[in-house]
Amino acid sequence: MKNYFLALDKDINKQYNDAVFYYQKSIDEKELNIEAYLNLSFLYWNFQDFGFFTYYNISEELREIGCLKYTEIIEEGIQQYPNNLELNFWKRYFQHIIYGEEFSAQDCMKLIEEYGDTNSKVPYFFLYLFDKGRYKEEKVKLIEECNKEPTAKNLYIKSVLG
């Protein structure tokens, strides 16, 4: 787990070029950890954002790799952890944001029903956008979780929640 913790440290300290290196190394060396797949795929996905990659001086090479690999990393994670709600959520969410694929509150609820929400409350940031009153409690819990580990993924979630 050494590489994962190095990656996590780099991620939290916004050293994203280094973070992706160590997340990938963690995966390559079979330090099986769901968060490595989640955080790496999120960073790769986020590298496509002009403001993000410019502000954080993401190399053009990493941006191109990210564009190609964010879905591959999510798929690898799902192969390792097929019943993980968060991996399956991000797969749908990425496609929705990048390609405009339909992903409704009902679709998100179906994922929660299928995989349960004991491991992750992350899909509730999406549901909160549809019904702020109903998911207020989940929002509060999710913000608390994000504050404990301010990775790029968690900072993004907090930004969406406002």
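Computed from a predicted model, the values in this text were never measured in an experiment.

Engineer: For this particular structure, what's the right way to read the overall build of the protein?
Structural biologist: Check the secondary structure of the protein and you find ten helices and zero strands. Listed N to C, the secondary structure of the protein is α-α-α-α-α-α-α-α-α-α in terms of helices and strands. Based on the C-alpha atoms only, the size of the protein along its principal axes is roughly 40 × 30 × 30 Å. Among the 162 residues that make up the protein, the fraction classed as buried is 45%. When contacts within the protein are restricted to residue pairs at least 6 apart in sequence, those whose partners lie at least 24 apart make up 57%.

Engineer: Sorry, what's going on with the packing of helix 3 (residues 34-46) against helix 10 (residues 152-161) here?
Structural biologist: Two measures define how a pair of helices packs: the angle their axes make with one another and the distance between the axes. At their nearest, the axes of helix 3 and helix 10 sit 9 Å apart, and the two run at 65 degrees to each other. The pairing of helix 3 with helix 10 is recorded here as roughly perpendicular in orientation. Each of E35, L38, N39, F42, L43 and W45 in helix 3 lies in contact with helix 10, whose residues at this interface are A152, K153 and Y156. Its residues assigned to classes, the contact of helix 3 with helix 10 shows six nonpolar, one polar and two charged.

Engineer: Looking at this structure, how should I read the side chain of K153?
Structural biologist: When you line up the elements, K153 lands in helix 10. If sequence neighbours within four positions are ignored, K153 has contacts with E35, L38, N39, F42, E86 and W90.

Engineer: Please explain the packing of aromatic side chains as it appears in this structure.
Structural biologist: Applying the stated rule across the entire model yields 34 aromatic pairs. Seen from their ring centres, F89 and Y93 are 5.5 Å apart, and the 25 degrees between their planes marks the pair as stacked. With a gap of four residues between them, F89 and Y93 both fall in helix 6 (residues 85-99), about one helical turn apart. For F89, a relative accessible area of 0% corresponds to the buried category. The class of Y93 is buried, set by a relative accessible area of 3%. On the basis of an interplanar angle of 75 degrees and a centroid distance of 6.2 Å, the ring pair of Y93 and Y156 is categorised as edge-to-face. Here Y93 is found in helix 6, whereas its partner Y156 is found in helix 10, with 63 residues between them in sequence. Exposure class is identical for Y93 and Y156. Each is buried.

What counts and how
- Counting starts from 1 at the beginning of each chain's written sequence and moves along it residue by residue.
- Reporting of local features is limited, given that this is a predicted model, to residues whose pLDDT is at least 70; pairs of side-chain atoms are given and counted only at 80 or more, and all residues count toward the totals for whole chains, interfaces and linings.
- To get the side-chain values, all heavy atoms of the structure are used, and hydrogens and water are removed first.
- A run of DSSP states H or I qualifies as a helix once it reaches four residues; a run of E qualifies as a strand once it reaches two. Both are numbered from the N-terminal end.
- Accessible area is worked out with a 1.4 Å probe on protein chains only. A residue is then buried under 20% of its type maximum, exposed over 50%, and partly exposed in between.
- For this analysis, residues touch if any pair of their heavy atoms sits within 4.5 Å.
- Helix axes are fitted to C-alpha atoms over the stretch in contact, other axes to C-alpha atoms as well, and angles between N-to-C directions run from 0 to 180 degrees.
- An angle counts as roughly parallel when it lies under 35 degrees, as roughly antiparallel when it exceeds 145, as roughly perpendicular when it falls between 65 and 115, and as oblique in every other case.
- Residue type decides the class: Asp, Glu, Lys and Arg count as charged, Ala, Val, Leu, Ile, Met, Phe, Trp, Tyr, Cys and Pro as nonpolar, and the leftover types, Gly among them, as polar.
- Stacked, edge-to-face and tilted are the three classes for Phe, Tyr and Trp ring pairs, Trp counted by its six-membered ring, which pair at centre distances within 6.5 Å; planes under 30 degrees apart are stacked, over 60 edge-to-face, the rest tilted.

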